[in-house]
Amino acid sequence: MFLARKAIVTELFLACHMAAKLVSEFATTTPHHNPSLPRICVMSAKITTKFGRAGPPAPRHAVTVYMGSDWESGVEYGTDAASVIARFYDAYPRMKPHRDIVQLSDAVMKHLGSLDKACLLFPSLQSARECGDYATSSRRNDGIDNCPVAVEDVTIRAFVAKEAFFAVIFPAVQYHVVVGFWKMVGAGITSRFAEANCAHLDELRQVALEDAASNRDGFECAAHETLRRRILSLVQRAALRPDVSSRVTTGDIYLYQSGMASIYKPHTYMLNQYQGASVLFGMSFMDTILTLEQFGPGSTFFGCGSEQDLVELESHLGTSRSGGQKVQAIWVEFPANPLLRSPDIAELRRLATAHDAVLVIDDTIGSWANTDVLAMADMTVTSLTKSFNGYADAIGGAAILNPASAKYAALKALFDAQYVPEMHVLDAETFERNSRDYLPRSARLNANASAVVAYLRARAQDPDSSVRRVHYPSVSDTYRAFMRPATADFAPGYGCLLSVEMADLDAARAFYNNLDVHKGVHFGAPFTLAIAYAVCVYLKKEEWAARFGLKQTQIRIAIGLEDTDALLEDFRVAVEAADQAKSTGSSQ
């Protein structure tokens, strides 16, 4: 009876979502939208998604992938991610190029007639050249499987189909080396750009690099300004420091083709000017760690984000500065992924000011609906892919400069000199449409996550329970200090992301295997996603990850928009299975 009810709800979800998509096509594009636009629907059902396919409603440009229902699928991914990703039909866009991008790449290589070559495609000459520098850098030599591509073996060609783009061409046998740039920093073309240009393959032609570089059709349009206004309205809504947020203009908002590009690009702007080292404070998304390490003279990682780390950071900043190697920027996630700790950004602000460093805060997880950290930062970065977009069908990012910052003039000059628009118009239009119901969606995500956290914490109070603890920002005074004030239309919360820690591996395995939600990366989707984070991401670096509190017994949960009662029932079933596994030693 319960499963039948859930199946009916699923059908309603899909119908509602598609109808809402049609409604949104004809809705106004003004950022002052009607928050009651009918985009929010509910879903909970027995998972029927096939391995390697996107979760429902699985549009063409889906950014989710179902990684398999059981624990062993996560172990397989952690052991050999490349072989697992190769079997995905859909994938998170930076895992591997989307099939439309592959089609456009194949058309380029066919045009060139280079059978032993491969290429990666970029929306700007800047990004193409950066890929070439990455491919030929001595850092690509790992002494095992990888070595740099010879400089003479890398070429850049410009093409036009519907719009101009750039191909970095290299020996096919070294694809696994060069694609590391694509995966890490997200600076390539998007699937929507590829789809639009694949429709014009009969017009594909090679053009001069300079001509293509000056052709920015599709990358700076009215849609981009509308999107910036939407973002600006959210930055200024219920601000903690109106004196700061009121000074922000759309000219301080820079758009990128992925969340990682919104980190990578500002990092390179500062490197080009200062050539300084970086600091990453607190645990962070893996590719942020790698980007700061791989590009520039190095990065120091304070992965716990603790008070002791603050003491050590202050010493490091002083020593670096006195030694002539001043830190150029301190990067921090607020809260941090995946344990949702909220670092002391007020103290980081003090240290950054005292040691003349830029403080960059990634506020993706807290999200503009819930938190306001702009006054603490010189710059914020946000993945638009997540809660802002909300429908798991587009990737993009934004960087926002703080006009009240002492660093503003210098940063503004850097951005205006080096920023190249690379977000395609179709992606900008998608973000604008999908974000119209951002606030009511965020309210639903907050409420669902809080309900699940309350249930899991209640279970953790029982010493015989398989649930040991729940990681969620609601326990943090630091997080609460930066929550926006409640308004008539929205009460801030703690976001959709949480991690649950189980008593042992048997309990974690049973919980994961019996949790009837989609298994995969991403958060902010319409449906709940779970991932055995430390297993999938850090299985080969278990001891290193453990130093920062990451354990294989932790499951990261990204709560969706499902019916709350049905969602709680899913978690109750999973916890009861974990309780049994813990008490009997069985993980079935």
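Residues numbered from 1 in each chain as written. Predicted model: local features only at pLDDT ≥ 70, side-chain atom pairs only at ≥ 80, totals over all residues. Heavy atoms only, no water.

Asker: Tell me about the overall build of the protein, and please be specific about residues and values.
Answerer: When helices and strands are counted, the protein shows 23 helices and 16 strands. On C-alpha atoms alone, the protein measures out to a radius of gyration of 23 Å, which is about the 25 Å that the 2.2 N^0.38 rule sets for 588 residues. On the principal axes, the C-alpha backbone points of the protein span a range of 65 × 55 × 55 Å. For the protein, with 588 residues in total, the buried portion stands at 60%. Across the protein, contacts joining residues at least 24 apart in sequence account for 76% of those joining residues at least 6 apart. Only carbon and sulfur atoms are counted for the fraction: they give 54% of the accessible area of the protein, which is about 21900 Å². (Helix = DSSP H or I, 4+ residues; strand = E, 2+ residues; numbered from the N terminus. Rg over C-alpha atoms; globule rule 2.2 N^0.38 Å. Buried < 20%, exposed > 50% of the residue type's maximum accessible area, 1.4 Å probe, protein only. Contact = heavy atoms within 4.5 Å. Areas by Shrake-Rupley, 256 points an atom, 1.4 Å probe, with all protein chains shown as cover.)

Asker: An account of the side chain of Ser-435 is needed here, citing residue identities and associated values.
Answerer: By the secondary structure assignment, Ser-435 is in the loop between helix H17 (425-434) and helix H18 (438-460). In this structure the side chain of Ser-435 is engaged in a polar contact, spanning 2.8 Å, whose partner is the backbone oxygen of Phe-431. (Polar contact = N/O pair within 3.5 Å; in protein donor to acceptor, adjacent residues only side chain to side chain.)

Asker: Mind laying out the sheet that holds strand S6 (residues 277-281), listing which residues take part and the relevant values?
Answerer: Pairing is mixed across the open sheet formed by 7 strands, whose spatial order is S5-S11-S10-S9-S8-S6-S7. Either end of the sheet is taken by a strand with one partner, and the two such strands are strand S5 (253-256) and strand S7 (299-302). For this sheet the average axis-to-axis angle between neighbouring strands, irrespective of direction, equals 20°. Along the sheet, helix H12 (residues 286-294) contacts S6, S7 and strand S8 (327-333); its crossing angle with S6, the most-contacted strand, is approximately 160°. Sheet strands in contact with helix H16 (residues 408-418) are S5, strand S9 (358-362), strand S10 (379-383) and strand S11 (397-401), and its direction is about 140° off that of S11. (Pairing = 2+ DSSP bridges. Axes fitted to C-alpha atoms, helices over the stretch in contact; angles between N-to-C directions.)

Asker: Which residues make up the environment of Val-332, and what are the values?
Answerer: Tracing the backbone shows Val-332 in strand S8. What makes Val-332 buried here is its relative accessible area of 2%. Considered as a pair, Val-332 and Lys-110 are 222 residues apart in the sequence and their alpha carbons are 44 Å apart. What Val-332 contacts, discounting residues up to four positions off in sequence, is Phe-281, Pro-343, Ile-345, Leu-348, Leu-359, Val-360, Ile-361 and Asp-362.

Asker: Tell me about the pairing of strand S3 (residues 164-171), residues and numbers included.
Answerer: Summarising burial for S3: 8 of the 8 residues are buried, a large majority. With 6 bridges connecting them, strand S1 (residues 117-122) and S3 associate as antiparallel partners. Bridge pairing in S3 links Ala-118 to Phe-170. As defined by bridge partners, strand S2 (residues 155-160) adjoins S3 across 6 bridges and the pair is classed as antiparallel.

Asker: Describe the nonpolar core, naming the residues involved and giving the relevant values.
Answerer: Among the nonpolar cores identified, the biggest contains 134 residues, and Ile-231, Leu-498, Phe-511 and Ile-557 are the most heavily contacted of them. Considering each element in turn, this core owes the most residues, 7 residues, to H18. Residue assignment places this core across two domains, with domain 2 (222-435) and domain 3 (438-586) each supplying three or more. Once residues lying within four places of it in the same chain are set aside, the contact partners of Phe-511 are Val-500, Met-502, Ile-555, Ile-557, Phe-571, Ala-574, Val-575 and Ala-578. Ranked by size, the runner-up nonpolar core spans 46 residues in total, among them Leu-121, Ala-135, Val-154 and Tyr-264. (Core = buried A, V, L, I, M, F, W, Y, C linked by side-chain atoms within 4.5 Å. Domains from an automatic or database assignment.)

Asker: Please give an account of the domain arrangement of the protein that cites residues and values.
Answerer: The domain architecture assigned to the protein consists of domain 1 (93-214), domain 2 (222-435) and domain 3 (438-586). On a C-alpha basis, the centres of domain 2 and domain 3 stand 26 Å from each other. In this complex, domain 2 contributes 46 residues to the contact, which on the side of domain 3 involves 42 residues. Across the domain 2 to domain 3 interface the summed buried area is about 3600 Å²; carbon plus sulfur atoms make up 64%. When the buried surface of domain 2 facing domain 3 is broken down by residue, Leu-339, Leu-340 and Asn-370 rank first, second and third, together holding 18% of it. Counting the contacts that link domain 2 with domain 3 gives 1 salt bridge. Among the salt bridges present, the one from Arg-484 reaches Asp-372, with a minimum N-O distance of 4.0 Å. (Buried area = accessible area lost by both parts, 1.4 Å probe. Salt bridge = Lys/Arg side-chain N within 4 Å of Asp/Glu carboxyl O.)

Asker: Got a sec to walk through the sheet that holds strand S12 (residues 467-471)? Specific residues and values, please.
Answerer: Reading across from one edge, S12-S13-S16-S15-S14 is the order of the 5 strands in this open sheet, with mixed pairing throughout. The open sheet is flanked by S12 and strand S14 (518-519), the only strands paired with a single partner. Direction of pairing for S14 relative to strand S15 (residues 529-531): parallel, over a ladder of 2 bridges. Within the sheet, the bridge partner assigned to His-518 lies in S15 and is Leu-529.

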